[in-house]
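Coordinates in review
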Amino acid sequence: EPQHHKPSDNRPAIIFFFGGGWANGSPQQFEEQCRYLASRGMVAITADYRVASRQQVKAVECVKDAKSAIRWVRTHAAELGIDPDKIVASGGSAGGHIAACTGVLTEFDEPNEDLAVSTRPNAMVLFNPAVSFTPGKTDADQKRAEQLASRTGVPPKKISPAEHVTKDLPPTLILIGTKDFLIDGNHEFVNKMKA
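Residues numbered from 1 in each chain as written. Predicted model: local features only at pLDDT ≥ 70, side-chain atom pairs only at ≥ 80, totals over all residues. Heavy atoms only, no water.

Thoughts on the packing of aromatic side chains
For the structure on display, the rule yields 5 aromatic pairs. With a centroid separation of 6.4 Å and 65° between ring planes, the pair formed by F17 and Y49 is classed as edge-to-face. Here the residue F17 occupies a position in strand 1 (residues 11-17), and Y49 occupies one in the loop between strand 2 (43-47) and helix 2 (52-55), the gap between them amounting to 32 residues. Just as F17 is buried, Y49 falls in that class too. Arranged with centres 6.1 Å apart and planes meeting at 85°, the rings of W22 and F133 form a pair that is edge-to-face. Of this pair, W22 sits in the loop between strand 1 and helix 1 (31-39) while F133 sits in the loop between strand 4 (123-127) and helix 6 (139-152), and the two are 111 residues apart along the sequence. (Phe/Tyr/Trp six-rings, centres within 6.5 Å; stacked < 30°, edge-to-face > 60°. Helix = DSSP H or I, 4+ residues; strand = E, 2+ residues; numbered from the N terminus. Buried < 20%, exposed > 50% of the residue type's maximum accessible area, 1.4 Å probe, protein only.)

Structure below.
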C-alpha cells in the first residue's frame, strides 16, 4: 500500500500473477514491482494461485484462480481503499496468460462466487505472456503444442486469449523480447486486438 493509505483513498490497484508454466512459481516474483508501484500511489497485490507441482492442477484451474482474485479484489475494494473501476491485471509468462484470461474469457468462473461481480480488469500489463496456443510452423512449435494440450485441462483454444478477442477488451500493454519464443503468439494477439 502507498504510505499513509486508508480505505477512503479509492486508489487504482494492480494484481500480479507469477510465471512458472502453471507448474510452479511464487508470489514473491513481483514483490519489488509491488513496492515500487505502491511508492507511486497504487495498491499493488501479488496473488497466489494453484499450480501443478503443489496442487496437481491443470492450467484451467489457474485461470479460475486468477478470475477469482480479480473478483475478490473488486468485491473488497471499499475496505482495501481501491477504486473498483481501476484494477489492472498483470503477470509474466503463465502469469501473463492467466492475467490476459481475466480480461478476455467469459467462462471458467468458480460456481460459488457472485458472478454479477466482473472479473474483467480495466487494463492489462503483460510480461512475455502466453497469449496464443496456435501451433507455429516448426517441429519444435508442434512439439510444444502437443505438450501444452496435456497441461491445460481443456482444449487449449478454450483458454487461448488470442481465440477470444472482442472489441470491448481492456487496454493492454505487452512487454516481450523480440527473440522470445512466445513472440509470434503475441503478434497474433496484438493484431486481433488492433483489428
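That shown, we press on.
Examining the side chain of D65
Along the polypeptide, D65 turns up in helix 3 (residues 59-75). We classify D65 as buried; its relative accessible area is 15%. Not counting residues up to four positions away in its chain, the partners in contact with D65 are Y49, R50 and E110. (Contact = heavy atoms within 4.5 Å.)

Observations regarding the packing of helix 3 against helix 5 (residues 94-104)
Relative orientation of the contacting elements helix 3 and helix 5 amounts to 60°, with a least axis distance of 9 Å. Here helix 3 lies oblique to helix 5, going by the angle between them. Here helix 3 and helix 5 pass one another in a crossing that is right-handed. On helix 5, the residues that touch C62, V63, A66, K67 and I70 of helix 3 are H97, I98, C101 and T102. Tallied by class, residues from the contact of helix 3 with helix 5 come to 6 nonpolar, 2 polar and 1 charged. (Axes fitted to C-alpha atoms, helices over the stretch in contact; angles between N-to-C directions. Parallel < 35°, antiparallel > 145°, perpendicular 65-115°, else oblique. Left-handed = near helix turned anticlockwise from the far one by under 90°. Nonpolar A, V, L, I, M, F, W, Y, C, P; charged D, E, K, R; others polar.)

So, the pairing of strand 3 (residues 82-92)
With respect to burial, strand 3 is a largely interior element, 8 of its 11 residues being buried. Pairing of strand 1 with strand 3, which is carried by 6 bridges, proceeds in the parallel orientation. In the sheet register, F16 faces strand 3, and the bridge partner there is S90. Bridging between strand 3 and strand 4 involves 5 bridges; their strand directions are parallel. Bridging across to strand 4, S90 finds its partner in V125. Each parallel crossover has a hand, and the one from strand 3 via helix 5 to strand 4 is right-handed. (Pairing = 2+ DSSP bridges. Right-handed = clockwise from strand over helix to strand, strands pointing away.)

Looking at helix 7 (residues 183-194)
Taking 1.5 Å of rise per residue, the 12 residues of helix 7 would be expected to cover 16 Å, and the 16 Å separating its terminal C-alpha atoms lies within 8% of that figure. Among all positions of helix 7, only I183, G185, N186 and F189 are buried. For helix 7, the angular spread of buried residues about the axis comes to 160°, placing them on one side. For helix 7, the exposed residues set more than 90 degrees away from the buried face come down to D184 and K194. Packed against the buried residues of helix 7 are helix 5 and strand 5 (172-175). (Expected span 1.5 Å × (residues − 1). Arc of directions from axis to C-beta.)

Regarding the sheet that holds strand 3
If you walk across this open sheet you meet the 5 strands as 2-1-3-4-5, and the pairing is parallel. Since the sheet does not close on itself, it has two edges, and those belong to strand 2 and strand 5, each with one partner. Averaged over all pairs of adjacent strands, the angle between strand axes in this sheet comes to 15°, irrespective of strand direction. Each of strand 1 and strand 2 is contacted by helix 1, which is oriented at about 165° to strand 2, the strand it contacts most.

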